[in-house]
Every structure is written in structure tokens, then in C-alpha cells.
Amino acid sequence: KADVSKITSGQVIIDLKSIVKELVENAIDAECSKIELNFQNYGIDFISITDDGKGIPPEDFESVCLRSHTSKIVAFDDLNNLNTLGFRGEALNSICSISHRVKIKTCTEYPKNYELEYDNLGKLSKSQSKIGGGFSKKTGTSISIEKLFVNLPVRFKNFIKNSKREFHKAITFLTQYLLIYPEIKFSVFNEINGKKSLVLSGRGGAKTSVLDNMITVFGSNGAKGLIPISLSINEDIKLEGYISSYSFGLGRSVTDRQFLFVNKRPVNLKKLAKIINDVYKLFNHVQYPIFIVNIEINPSKLDVNLTPDKTFVMIHQESEVFEMIRTEL
Ligand code: ADP
Ligand code: MG
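The model shown is predicted, which means the values in this text are computed figures rather than measured ones.

1. A few points about the site of ligand 1
Moving on, step 1. Contacts to ligand 1 come from 18 residues, most closely from Asp51, Thr70, Ser71, Lys72 and Gly89.
Moving on, step 2. Phe87 places a polar main-chain atom, nitrogen or oxygen, 2.9 Å from an oxygen atom of ligand 1.
Moving on, step 3. Taking Leu92, its main chain carries an N or O atom lying 2.9 Å from an oxygen atom of ligand 1.
Moving on, step 4. Contact with the protein chains hides 95% of the accessible area of ligand 1, taken as 530 Å² for the molecule alone.

2. Re the packing of aromatic side chains
Moving on, step 1. Tallying each qualifying case throughout the model produces six aromatic pairs.
Moving on, step 2. Between Phe149 and Phe159, the ring centres sit 5.2 Å apart and the planes meet at 85°, which makes this aromatic pair edge-to-face. On the criterion of sequence distance, the pair formed by Phe149 in the loop between strand S6 (140–148) and helix H3 (153–161) and Phe159 in helix H3 is long-range, its members being ten residues apart.
Moving on, step 3. With relative accessibility at 3%, the residue Phe159 sits in the buried group.
Moving on, step 4. An aromatic cluster is defined as three or more aromatic residues linked by ring pairs; in this entry it consists of Phe39, Tyr42 and Phe167.
Moving on, step 5. Sitting over the ring of Phe173, Lys17 keeps its end group 4.8 Å from the ring centre.
Moving on, step 6. Directly above the aromatic system of Tyr246 lies the positively charged group of Lys224, at a separation of 5.4 Å from the ring centroid.

3. Notes on the pattern of salt bridges
Moving on, step 1. Per the stated rule, a full pass over the model turns up 16 salt bridges.
Moving on, step 2. When the shortest N-O distance is used, the salt bridge between Lys21 and Glu25 registers 2.7 Å. Residue Lys21 and its partner Glu25 are both found in helix H1 (residues 16–29); the two are separated by four residues, about one turn of the helix.
Moving on, step 3. Using a relative accessible area of 1% as the deciding quantity, one classes Glu25 as buried.
Moving on, step 4. Between Asp212 and Arg203 there is a salt bridge; the shortest N-O distance is 3.8 Å.
Moving on, step 5. Under the relative-accessibility criterion, Asp212 is labelled partly exposed at 25%.
Moving on, step 6. By relative accessible area, which is 58% here, Arg203 ends up exposed.
Moving on, step 7. Bridged by salt links that share partners, the residues Arg101, Lys103, Glu117, Lys126 and Glu146 form one connected network.

4. Describing the nonpolar core
Moving on, step 1. Formed by 59 residues in total, the largest nonpolar core has its most connected members in Leu16, Ile19, Val24, Ile35, Phe39, Leu148 and Leu174.
Moving on, step 2. Per-element tally for this core: the top contributor is helix H4 (residues 163–180), with nine residues.
Moving on, step 3. Once residues lying within four places of it in the same chain are set aside, the contact partners of Ile35 are Val24, Ala27, Ile28, Ile49, Thr50, Ile184, Lys185, Phe186 and Ser187.
Moving on, step 4. If you look at the next biggest cluster of nonpolar residues, it comprises 32 residues, including Ile73, Ile237, Val293 and Ile295.

So, how was this worked out
- Residues numbered from 1 in each chain as written.
- Chains lettered and ligands numbered in written order.
- Predicted model: local features only at pLDDT ≥ 70, side-chain atom pairs only at ≥ 80, totals over all residues.
- Heavy atoms only, no water.
- Near = heavy atom within 4 Å.
- Polar contact = N/O pair within 3.5 Å; in protein donor to acceptor, adjacent residues only side chain to side chain.
- Areas by Shrake-Rupley, 256 points an atom, 1.4 Å probe, with all protein chains shown as cover.
- Phe/Tyr/Trp six-rings, centres within 6.5 Å; stacked < 30°, edge-to-face > 60°.
- Helix = DSSP H or I, 4+ residues; strand = E, 2+ residues; numbered from the N terminus.
- Buried < 20%, exposed > 50% of the residue type's maximum accessible area, 1.4 Å probe, protein only.
- Lys NZ or Arg CZ within 6 Å of the ring centre and 35° of its normal.
- Salt bridge = Lys/Arg side-chain N within 4 Å of Asp/Glu carboxyl O.
- Core = buried A, V, L, I, M, F, W, Y, C linked by side-chain atoms within 4.5 Å.
- Contact = heavy atoms within 4.5 Å.

What follows is the structure, given as C-alpha cells:
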């Protein structure tokens, strides 16, 4: 496997949100059509994620949770050709180091599947093969994390104190994936004192659209006045999504319903958000529209290796690109 130590960038896992992000991105990278997340006590006691993606092949069992193991980059040059969300091979290793135990169940060839356990260093400590059960005749992976932060006393105390807020932050972040991957069926549950409740869900399937999920998340008016936009900026950059014909801002938290993605990665592109807000104010008299916009960029024109969580991206010749978007909007 590739030596990606050159592109590692310190600790990815700082809070519940980043854990959920990394796990969900792994499921998406495994080309799943279904993701189920289960939290116990807002994630304090237990977190699990199950997908129906391609599974982890037995030859990777020893290494998946080791630092810098990734199956997604084979040569360093692949970074210029990246079409997966992950590439550093740090997430599972960090998760092992900050939790009591990580268990993985995975299946690449139904009905044979495996139950694996990893220690704090990410070393495989138990491996057992099974036949049938659990994966409904499909491939997939289920990862469970027991007692997050338990070996980091200060963070553990803080997590317990702020668990509801941390949980809410994680779910809000997760919602962005649900919106931009409408074809994936999401179900998220939280269990408190043995009582399990549905926190977030999306129907999934080829017929579900971004607008359907806007309604699912924000209620029956969630897609009201959202007008499709589709712009070809140049041969490497396309912009697609929806922008509302009416104001949402003023008095509410503006960013609550302004979503920007680059290659379906939720990103923080304040400059571009400002351009959209400015153009809509000037030409459409819309103060802070609702928008959900994905910019599809040739990966060779993009650098996502800037921050551990990859929510900051650098587009080559960004100012020129943004000016072109301003003119086209
Ligand atoms: P990265 O995503 O940067 O490669 P991770 O630490 O997140 O690193 O995951 C390490 C490796 O474990 C991945 O490259 C992939 O091969 C495997 N993996 C993790 N989660 C899944 C999953 N849900 N399905 C299939 N493979 C997975
Ligand atoms: Mg990953």
C-alpha cells in the first residue's frame, strides 16, 4: 500500500462531528447505497455505523486501522486525481487511539463475513470468520466504537458535559451529506436509557432528489422557491444546485441554509458564499437566499489537503474562477 505519511496532517479526530464525518465519508467512498448510524447516549457510550458498501477485503484486516493505511491512494500522484473523500488513512487509527475499543464487521463476499477487533494502537487483536447473518445477502461494513474519549480524561469530561451540543453539531454536519447524496438511504438513531429514537433519515434511492431531502430536513416548505441553476464555468468546472428566489436571511442565522460543496464535499468557501449573496441582492433583490450548490471540479485543479478535516479547499486560480462564477450567476 502507498506510503502516504507525506500527506498526513496531524490529528483528524477532534470531536464527535469529525468522527461522524470520517465514518460517513468512508461509507460513501465504499460506494454504499445505505448508511445507518446508531448512537447510545449521544455517542458517549457507543457509536456504530453500518453501510452496504463494498466491504474490507481480508488482506487489509491487519492494516486498516494502522496509521497512514489507505486503500484510496496508490501513488502520490493520485492526489491530483482524487475521487474519494478520504485519502490520508488517519481516521480509523485516530478513532482507535481515543476510544475503548473498535470493532469491525465486514463482508466482501456474502455469506462469508468477519468480526474484527482493534486495540488502541490500531493493531488487529481479534479476528473471527462467520457464515451468513447481518448483511442481508450483500457486502458491507459495520464499525462500532465503544466509549469514545474514555482514555482522554479532560476531553471525556468535556464531552459528557457538552454531549447534547456535540451531538447536535455532528447531526447538523451529517445533514449536509444527506442533502447532497440523496440517493443514499440514511437512518440515524439515538438511544437514551434503552429508548431508541429516529434523529434523521432520508429515503434514498435513485428517485430521491436534493429537493426531496430539503423537505425531509426543513419541513414541507423546505424546497419552496428553490430554482435550479446549472453553470458551466469552463471545461474543468461546473456549478449545479438550487438558489432560492426569496430572502431567508435577516434575523435568522444566514449560514443555516446556505450549503456549498466541492465535488460533494461540504466546504467552507466564504468568498463564494459572499459572491452569491451579493449577486442575488444586487440583481434579484434577494437578501441572503437559501442555496445548496455543488461545484464539480476536475480534481487536478483542486487542493483539499489543507486542513485535517478537508473542509477548506483551494481551487486553482480561485479569484479568476470566482469572478467567472459572479459573471455567470
Ligand atoms: P482513508 O479514508 O483516508 O483511506 P481511513 O482511516 O478513514 O482512511 O480508512 C482506512 C481504510 O479503511 C480505507 O482506505 C478503506 O480501505 C478502509 N475502510 C474504512 N471504512 C470502510 C468502509 N466503511 N467500507 C470499506 N472500507 C473501509
Ligand atoms: Mg476515511
